[in-house]
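Geometric and topological summary
What follows is the residue order along each chain.
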Amino acid sequence: MPLARTARTPRPPRTAVSLAALAVAAVLAATACAPQSSGNSSSGKDEKSGTLRVWLFQEVNNKPKQQVVDETVAAFRKAHKGTEVDLEYIPVETRAQRIKAAFNDPKSAPDVIEYGNTDTAGYVKDGGLADVTQDFTGWSESKDTDPTAKQSVTVDGRIYGAPYFVGVRALYYRTDIFKDLGLEVPRTQAELIATAKRIRAAKPDLYGLAVGGAYTYGAMPFIWSHGGELAQGKGGSYSATIDSAAAQKGIEAYTSLFGDDNCPAAKCAGMGGNDTVTAFASGKAAMAIGGDFSHQAIEAGKVKGAYAVVPLPGLKSGDIAPAFAGGNNLGVLKSTTHRTLAVDLMKRLASKKTQSELFDAMGFLPTFSDVREQVAAKEPFVKPFVRTLAAGAKFVPASPAWAGIDSSLVLPTMFQQVISGKKDVAAASEEAAKKMNDAFSSAG
């Protein structure tokens, strides 16, 4: 599932993530000659000319993205005479139906697709994505890929695409309110919770920290920072650990923020990530956990010029809570009849040069560590997100079951049961673990 994204002003946001970069020269030369492809397509063909079909996601404001992509495609066509590219931008909301239908109908399927990074395992199970392990590892630029981004294209040790961009969350806070109340920026999770409640007590018309019972990826840093995990294992052998002692401590910490002393349960239990960012942008919250992709929406809100961003603190002073690394990837379909060409185009679209240009055009964070550092030096707002990624981000279980677990709201239901008082943390997490294990077993 892609993450909500942002564009730098004045460009609007969308859903997913990216890793940014400054212009890096001489990238096309590195990708012009693709290494020997690992494995053949299911079509049994590898034609070196003809038309490649490409599906990318439609952005809210797609023109800047399209301009970058068009330049990359033009260079690809110049390098491969007799080759055309049929490019289509598809809605993110209907991606699942479109892509699964393509897996079942090779004749109408694209050769290259953009897909949400939490969809990887499910698409691999469906047999839709080509194994590009050898192609990726033989690509000179891949050595600089962020490890978590690489994990998002990896299933059971094999690689099924190239990371396209990444998104991560950090702590937005109101500088004017902190100054007015004489508050220090929280350095630990305990200080964060205490500061949120202190703000609410002083300014009861505000949420101290906007939180949401349906905000899974805003809650996970609390669980991860306490040493908890969603699940352990790999492939079809995942086992839920959301009910472990460490995970339960994180659940307790997050759910302690729901109440009249911070974010009233009646209003906040049903809120998702977009709701919490909207509350902050509209001036109804002193703090919020938002992504690099939330920047443009907040800049367009009432708090413009009166906020700052820092990494979400961990348990100890100086620690950064692990954040979920969302984003999008590019992959080659197993059914392609142009495998070598498709792999080359995938690498060009995911290259340092293209990711750098996409950052400039759309604000997508690059997946290359060196490019991200260059971007952070150029754009101050990126720095806390780059620091968060560098501290070690986390990803969801690489299981085809995850999409079902996420869409059936297993974790939000768990949080809401605790928030409402219907169940204690132990009972709610045990029920969530059972649901997760049922899903893992069914997907096996």
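Scroll up to find the structure this text is about.
What counts, and where the lines are drawn
- Residues numbered from 1 in each chain as written.
- Predicted model: local features only at pLDDT ≥ 70, side-chain atom pairs only at ≥ 80, totals over all residues.
- Heavy atoms only, no water.
- Helix = DSSP H or I, 4+ residues; strand = E, 2+ residues; numbered from the N terminus.
- Contact = heavy atoms within 4.5 Å.
- Areas by Shrake-Rupley, 256 points an atom, 1.4 Å probe, with all protein chains shown as cover.
- Buried < 20%, exposed > 50% of the residue type's maximum accessible area, 1.4 Å probe, protein only.
- Arc of directions from axis to C-beta.
- Axes fitted to C-alpha atoms, helices over the stretch in contact; angles between N-to-C directions.
- Parallel < 35°, antiparallel > 145°, perpendicular 65-115°, else oblique.
- Left-handed = near helix turned anticlockwise from the far one by under 90°.
- Nonpolar A, V, L, I, M, F, W, Y, C, P; charged D, E, K, R; others polar.
- Disulfide = S-S within 2.5 Å.
- Phe/Tyr/Trp six-rings, centres within 6.5 Å; stacked < 30°, edge-to-face > 60°.
- Lys NZ or Arg CZ within 6 Å of the ring centre and 35° of its normal.
- 1 Å grid on protein atoms, 1.4 Å probe; cavity = no way out; pocket = protein on both sides within 12 Å on 5 of 7 lines; lining within 4 Å.
- Points joined across faces, edges and corners; volume = space filled by probe spheres on them.
- Pairing = 2+ DSSP bridges.

**Concerning the overall build of the protein**
- Helix and strand content of the protein: 20 helices and 14 strands.
- Here the analysis covers contacts within the protein between residues at least 6 apart in sequence; of these, 80% occur between residues at least 24 apart.
- With the model as given, the accessible surface of the protein reaches about 16,800 Å², and the carbon-plus-sulfur share is 50%.

**Digging into helix α3 (residues 95-104)**
- The complete set of buried residues in α3 reads Arg 95, Ile 99, Ala 102 and Phe 103. Buried residues in α3, looked at end-on, bunch into an arc of 105°, giving them a common side. Turned more than 90 degrees from where α3 packs its buried face, Gln 97 and Asn 104 sit exposed.
- Tucked into the core, α3 has its buried residues touching β3 (50-57), β4 (83-90), β5 (112-116) and α4 (120-125).

**Focus on the packing of helix α19 (residues 410-420) against helix α20 (residues 425-443)**
- The geometry of α19 relative to α20 is characterised by a closest axis approach of 9 Å and an angle of 165° between their N-to-C directions. By the angle between their axes, α19 is roughly antiparallel relative to α20. Considering the relative orientation of α19 and α20, their crossing is right-handed. On α20, the residues touching Val 410, Leu 411, Thr 413, Met 414, Gln 417 and Val 418 of α19 are Val 425, Ala 428, Ser 429, Glu 431, Ala 432, Lys 435 and Met 436.
- Here the residues of the contact of α19 with α20 are counted per class, giving 8 nonpolar, 3 polar and 2 charged.

**Some words on the state of the cysteines**
- Per the counting criterion, the structure on display carries 1 disulfide.
- Residue Cys 263 pairs covalently with Cys 268 via a disulfide, S to S 2.0 Å. Here Cys 263 and Cys 268 share a disulfide; its torsion about the S-S bond, -85°, makes the bridge left-handed.

**Some remarks on the packing of aromatic side chains**
- Across all of its chains, the model carries 17 aromatic pairs by this definition.
- Ring centres of Phe 280 and Tyr 307 lie 6.3 Å apart, and the angle between their planes is 85°; on these two criteria the pair is classed as edge-to-face. Here Tyr 307 lies in strand β13 (residues 307-310) and Phe 280 lies in helix α12 (residues 273-281), a separation of 27 residues in the sequence. Considered together, Phe 280 and Tyr 307 belong to a single accessibility category, that of buried residues.
- Through pairs of rings, three or more aromatic residues link up here, namely Tyr 172, Phe 280, Tyr 307 and Phe 385.
- The side chain of Arg 98 reaches across the aromatic face of Trp 55, ending 4.4 Å from its centre.

**Looking at the layout of surface pockets**
- One number sums up the size of the second largest pocket: a volume of about 220 Å³.
- Contributing to the lining of the second largest pocket are 15 residues, with Gln 151, Tyr 238, Phe 395, Val 396 and Pro 397 lying nearest its centre.

**Points about the pairing of strand β9 (residues 169-174)**
- Across the 6 residues that make up β9, a large majority, 6, are buried.
- In the sheet, β9 pairs with β13 via 4 bridges, with the strands oriented antiparallel. Bridge assignment links Leu 171 to a residue of β13, and that residue is Val 310.

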